[in-house]
Amino acid sequence: MLLLGAGESGKSTIFKQMRLLYGTERSDDDLRMYGVVVRSNTVLAVRKLCSHLRNIGLEEELDREAREYEELEEKLEDGDHSSMTCRQA
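Residues numbered from 1 in each chain as written. Predicted model: local features only at pLDDT ≥ 70, side-chain atom pairs only at ≥ 80, totals over all residues. Heavy atoms only, no water.

### Focus on unusual backbone geometry
Spelled out, the test is: Elements are defined by DSSP. Helices are runs of H or I of four residues or more, strands are runs of E of two residues or more, and each kind is numbered from the N terminus.
Despite not being glycine, Glu8 has its phi angle at roughly 60 degrees, a positive value. Within the secondary structure layout, Glu8 lies in the segment before α1 (11-22).

Here it is as structure tokens:
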């Protein structure tokens, strides 16, 4: 089968669907390989995201928000709800 089309038009997707519908079952090795690829792609995407956040100067803001969240979480664990704003709730 020859599939022609522009990039990102779904050629690979059609091939994968045909393989799922009419191909053989996946072996354990295949599934392990897919797991490695998925994990690798996830790590790569998170690294790119972190790099972009640094480049546009949002890293410090995210660190500040994380510290605020941790402080709020500690207050809630202690049962202190008096300083909670509507946004935090």
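### Some remarks on helix α3 (residues 59-77)
For an α-helix, 3.6 residues make a turn, and residues three or four places apart therefore share a direction. Let me state the cut-off plainly: In this analysis, the expected span of each helix is defined as 1.5 Å times one less than the number of residues it contains.
The terminal C-alpha atoms of α3 lie 27 Å apart, and with 19 residues this matches the ideal 27 Å at 1.5 Å per residue to within 8%. Just downstream of α3, Gly79 is the residue with a positive phi angle, here 85 degrees.

### Side note on a negative patch on the surface
The cut-off we apply is this: Surface patches are defined over residues having more than 30% relative accessible area and no salt bridge, joining like charges when they lie within 9 Å and nonpolar side chains (Val, Leu, Ile, Met, Phe, Trp, Tyr) when within 5 Å. For every accessible area listed, the method is Shrake-Rupley and the probe measures 1.4 Å; residues are considered covered only by the protein chains on display. Put simply, a salt bridge is a Lys or Arg side-chain nitrogen that is within 4 Å of an Asp or Glu carboxyl oxygen. His is not counted, nor are the chain ends, whereas Lys and Arg count as positive and Asp and Glu as negative. The atom standing in for a charge is NZ when the residue is Lys, CZ when it is Arg, CG when it is Asp and CD when it is Glu. When a residue's accessible area, from a 1.4 Å probe over protein chains only, is under 20% of the maximum for its type it is buried; when over 50% it is exposed; and in between it is partly exposed.
Taken together, Glu70, Glu71, Glu73, Glu74, Glu77 and Asp78 make up a surface patch of like negative charges. Following the sequence through the fold, Glu70 ends up in helix α3. Residue classification places Glu70 among the partly exposed positions, given a relative accessible area of 45%.

### Observations concerning a nonpolar patch on the surface
Taken together, the side chains of Met1, Leu3, Ile14, Phe15, Met18, Leu21 and Tyr22 make up a nonpolar region of the molecular surface, amounting to roughly 800 Å² of accessible area. Following the sequence through the fold, Ile14 ends up in helix α1. Residue Ile14 is classed as partly exposed on the basis of its relative accessible area of 44%.

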